[in-house]
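The residues making up each chain are set out below.
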Amino acid sequence: MTIERTLSIIKPDAVAKNVIGQIYSRFENAGLKIIAANMAYLSRSDAEKFYVIHKNQPFFKDLIEFMILGPLMIQVLEGDDAIAKNRRLMGATDPKKAETGTIRADFAVSIDANAIHGSDSQETAATEIAFFFPEINVYSQRNVSSGTF
Ligand code: ATP
Ligand code: MG
């Protein structure tokens, strides 16, 4: 069992659709714990920094325009195999290709407005978590047994 952390962002389309709670339930039902969370409205410059890895892609401009349309719900998820598990819950980048029952299949309409972001490797998870949350604001639940409460 490898306990990992991953960064998740509920994108402006899904925040506007009022499905933050439904998406959080999916994390919880899959055994992922929300150990940091913050709603934020990114500046253009912060969005460009966050997605710098895609800066030479033809879709970069549209991606940035989309990510600054409205507030985002940003969270750190912790749990066994969290990075891959979260990617499975999200579904394929293009919602039309996403498996039924995934977040993108159920809540997204297009490859631009695709509801959710999730880190894709241990390296990007560490960089992306540090981008949004100082360690002091990340509250690991790893040593808290659910039997305690
Ligand atoms: P994210 O990083 O947002 O979790 P992802 O890892 O599934 O998504 P990436 O390849 O990292 O996909 O692309 C980042 C974002 O850029 C995608 O979520 C999507 O909105 C957009 N994007 C990716 N590929 C394309 C494409 N071929 N055409 C248009 N937009 C794209
Ligand atoms: Mg990605």
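Model, not experiment: these values are computed from the prediction.

1. What to know about the site of ligand 1
And then number 1: Not every one of the 14 residues close to ligand 1 is listed here, only the nearest: Tyr51, Arg87, Thr93, Ile111 and Asn114.
And then number 2: A distance of 2.9 Å separates an oxygen atom of ligand 1 from a polar atom in the side chain of histidine 117.
And then number 3: At 3.1 Å, a backbone N or O of glycine 118 approaches an oxygen atom of ligand 1.
And then number 4: Taken by itself ligand 1 offers 580 Å² of open surface, and the protein chains cover 78% of this.
And then number 5: According to the grid-proximity analysis, the pocket containing ligand 1 is the largest pocket.
And then number 6: Those elements giving two or more residues to the shell around ligand 1 turn out to be helix 5 (82-90) and strand 4 (116-118).

2. Observations concerning helix 2 (residues 20-29)
And then number 1: Those residues of helix 2 not exposed but buried are Ile23, Tyr24 and Phe27. Viewed end-on, helix 2 has its buried residues packed into an arc of 100 degrees, placing them on one side of the element. In helix 2, the exposed positions angled more than 90 degrees off the buried face are occupied by Glu28 and Asn29.
And then number 2: Phi for glycine 31, located one or two positions after helix 2, is positive at around 85 degrees.

3. Some remarks on the pairing of strand 1 (residues 3-10)
And then number 1: Among the eight residues of strand 1, six are classified as buried, and the element is accordingly described as predominantly covered.
And then number 2: The sheet contact formed by strand 1 and strand 3 (residues 72-80) spans eight bridges and is antiparallel. From the neighbouring strand, leucine 7 faces strand 3, where its bridge partner is valine 76.
And then number 3: With three bridges connecting them, strand 1 and strand 4 associate as antiparallel partners. Within the sheet, the bridge partner assigned to isoleucine 9 lies in strand 4 and is histidine 117.

Criteria and thresholds
- Residues numbered from 1 in each chain as written.
- Chains lettered and ligands numbered in written order.
- Predicted model: local features only at pLDDT ≥ 70, side-chain atom pairs only at ≥ 80, totals over all residues.
- Heavy atoms only, no water.
- Near = heavy atom within 4 Å.
- Polar contact = N/O pair within 3.5 Å; in protein donor to acceptor, adjacent residues only side chain to side chain.
- Areas by Shrake-Rupley, 256 points an atom, 1.4 Å probe, with all protein chains shown as cover.
- 1 Å grid on protein atoms, 1.4 Å probe; cavity = no way out; pocket = protein on both sides within 12 Å on 5 of 7 lines; lining within 4 Å.
- Sits in = over half its atoms within 2 Å of the grid points.
- Helix = DSSP H or I, 4+ residues; strand = E, 2+ residues; numbered from the N terminus.
- Buried < 20%, exposed > 50% of the residue type's maximum accessible area, 1.4 Å probe, protein only.
- Arc of directions from axis to C-beta.
- Pairing = 2+ DSSP bridges.

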